[in-house]
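Residue-level listing of the chains:
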Amino acid sequence: MKQIVAFDFDGTLTTKDTLIEFIRYACGTRAFLFGFLRYVHLLVLMKLGLYPNYKAKQKVFAHFFEGMKIEEFDGLCQRFAKDNQHLLRPKGVEAIQQAMDEGAEVLIVSASIDNWVREMITDPVIIGTQIEIKDGLLTGRFLTKNCYGQEKVNRILALYPHRSEYHLTAYGDSRGDKELLAFADESHYKPFRQL
């Protein structure tokens, strides 16, 4: 039977939320703080479950990156990945390599923007939130649904629709991984935290 191993990214394979870290890296701490203050009310409503996660995330993303050339954005992603390898949990990276060595198909299933995720971890298949680009510029909107919650399961099923034909192992650490962990044959919650 085919073996598929799916890892969440932020919090599971990393020690911090990479959206926050990427914005700070790309725009500077001062601009980061002012930008988040502008949307703090939406972020609070989101945490309370009163405002959709994807809408809050898209508004924040658009504030910082709408109108940027894709080449500039991808360059930032490459530099961010190179300068922030310390955010990756060593035991998580080892688990990815072990799964690949054992012949499993490895997926990173993340709500993060896939442009920087694929720069940080290059070998597995990356299933993330994709950004919309028009005329070479970021529109600030997402091309796909935010890869969070049930959307993680939907994306896996889109790639592998015949559920009985594979064994799925999943790793996650948050509410956004609940459906993925429940969908898996074998699940691991917060597996790479140091004791």
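Right, let's get into the overall build of the protein chain. Summing up its helical and strand segments, the protein chain has nine helices and seven strands in all. For a compact globule of 195 residues, the expected C-alpha radius of gyration is about 16 Å, and the protein chain comes in at 17 Å, within 12% of that figure. Overall, the protein chain is about 50 × 40 × 35 Å in size when its C-alpha atoms are taken along their principal axes. Within the span of the protein chain, comprising 195 residues, buried residues form 48% of the whole. Taking as baseline every contact in the protein chain between residues at least 6 positions apart, the subset at least 24 positions apart corresponds to 64%. The positive charge centre, built from 25 side chains, and the negative charge centre, built from 25, are 8 Å apart in the protein chain.

Across the seven residues of strand β6 (residues 166–172), six count as buried, placing the element largely inside the fold. Relative to β6, strand β1 (residues 2–7) runs parallel, the two sharing six bridges. Directly across from Gln 3, in β6, lies its bridge partner His 167. Each parallel crossover has a hand, and for β6 linked through helix α9 (residues 178–183) to strand β7 (residues 186–189) it is right-handed.

Attention now moves to the side chain of Arg 155. Along the polypeptide, Arg 155 turns up in helix α8 (residues 150–159). Those residues in contact with Arg 155, other than ones at most four positions away along the chain, are Ile 127, Gly 128, Thr 129, Thr 144, Lys 145 and Cys 147.

Quick look at helix α2 (residues 29–38) now. Every buried residue of α2 is listed here: Phe 32, Gly 35 and Phe 36. Burial along α2 is one-sided: seen end-on, the buried residues are contained in an arc of 95°. Residues Arg 30, Phe 34, Leu 37 and Arg 38 are exposed on α2 and point more than 90 degrees away from its buried face. On its buried face, α2 is in contact with α1 (18–27), α3 (40–47) and α4 (53–65).

Within the largest apolar cluster, 43 residues are counted, with the highest numbers of intra-cluster contacts made by Phe 7, Phe 65, Phe 73 and Trp 116. The leading source of residues in this core is helix α5 (residues 70–83), at six residues. The contacts of Phe 65, once residues within four sequence positions are left out, are Phe 22, Ile 23, Ala 26, Cys 27, Phe 73 and Leu 138. By size, the runner-up hydrophobic cluster in this structure holds 14 residues, among which are Ala 6, Leu 107, Ile 156 and Tyr 160.

Rules used in this analysis
- Residues numbered from 1 in each chain as written.
- Predicted model: local features only at pLDDT ≥ 70, side-chain atom pairs only at ≥ 80, totals over all residues.
- Heavy atoms only, no water.
- Helix = DSSP H or I, 4+ residues; strand = E, 2+ residues; numbered from the N terminus.
- Rg over C-alpha atoms; globule rule 2.2 N^0.38 Å.
- Buried < 20%, exposed > 50% of the residue type's maximum accessible area, 1.4 Å probe, protein only.
- Contact = heavy atoms within 4.5 Å.
- Lys, Arg positive; Asp, Glu negative; His and termini not counted.
- Charge placed at Lys NZ, Arg CZ, Asp CG, Glu CD.
- Pairing = 2+ DSSP bridges.
- Right-handed = clockwise from strand over helix to strand, strands pointing away.
- Arc of directions from axis to C-beta.
- Core = buried A, V, L, I, M, F, W, Y, C linked by side-chain atoms within 4.5 Å.

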